[in-house]
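Overview (structure and organization)
Next come the chains, spelled out residue by residue.
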Amino acid sequence: MEVVKEDYFEPCCRWKKGKDSDSIDIDLDGFEIKDVKVRLTAAKKHRYEISITAECPKLLRKKIEIPDDYYNLEQIRAFFLNGNLNLQLPKKDAKLEISMPRLEIKETLQEFTQDLENKIDSAVEYLASKGKIAAVGVMLMATGLLAYKYYTECYGF
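Residues numbered from 1 in each chain as written. Predicted model: local features only at pLDDT ≥ 70, side-chain atom pairs only at ≥ 80, totals over all residues. Heavy atoms only, no water.

What follows is about the overall build of the protein chain. In terms of regular secondary structure, the protein chain is built from 2 helices and 7 strands. Counting from the amino terminus, the protein chain carries its helices and strands in the arrangement β-β-β-β-β-β-β-α-α. Burial analysis of the protein chain (157 residues in total) assigns 26% to the buried set. A separation threshold of at least 6 residues defines the contact pool for the protein chain, and within that pool the share at least 24 residues apart is 45%. Accessible surface computed for the protein chain: about 11,600 Å², of which carbon and sulfur atoms make up 55%. (Helix = DSSP H or I, 4+ residues; strand = E, 2+ residues; numbered from the N terminus. Buried < 20%, exposed > 50% of the residue type's maximum accessible area, 1.4 Å probe, protein only. Contact = heavy atoms within 4.5 Å. Areas by Shrake-Rupley, 256 points an atom, 1.4 Å probe, with all protein chains shown as cover.)

Before going further, it helps to spend a moment on the state of the cysteines. Tallying each qualifying case throughout the model produces 0 disulfides. Of all cysteine sulfurs, the one in Cys-13 lies closest to Cys-12, which takes part in no disulfide; the gap is 6.6 Å. Here Cys-13 falls in the partly exposed class, since its relative accessible area comes to 31%. (Disulfide = S-S within 2.5 Å.)

Attention now goes to the packing of aromatic side chains. Evaluation of the coordinates by the stated rule reveals 1 aromatic pair. Their ring planes at 85° and their centres at 4.8 Å tell us that Tyr-70 and Tyr-71 sit as a pair that is edge-to-face. (Phe/Tyr/Trp six-rings, centres within 6.5 Å; stacked < 30°, edge-to-face > 60°.)

Our next topic: the nonpolar core. With 17 residues, the main nonpolar core has Ile-26, Ile-52, Ile-64, Ile-66 and Leu-87 as its most contacted residues. Looking at this core, the elements that each hand over two or more residues are strand E2 (21-27), strand E4 (47-54), strand E5 (60-67) and strand E7 (84-90). (Core = buried A, V, L, I, M, F, W, Y, C linked by side-chain atoms within 4.5 Å.)

Below is the structure:
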């Protein structure tokens, strides 16, 4: 297959510096997770290279060099969500932060939501029996906002 120069895709990349880690956000609209490959390889002395490749619907070849003395190479992570690839680059002198895997967060959120739903049902029944309809409406709105807050915190939206 002959590759034409117009078939190559140069994604928009945003490098965000942080105290304990840096991150790189790469827009890959039109690509799916199965199309994208990310590799970390030795490039030069004391330098490593993050290679990002994809071949559907366009061709993508992106290389980012990083120093091995600045980042903790064993803890570099890549996340792909909604056409956005996020690379987390923890710094060597940063403190290790232990986080709960997303699956456990989802289960905990579901348990919390179920518990909250049961409490809300009983509170709504009580308020409705006392004729406090306005209080029921305010409580339902507050519950929706609380659920939205926890959802966005857990999933990073």
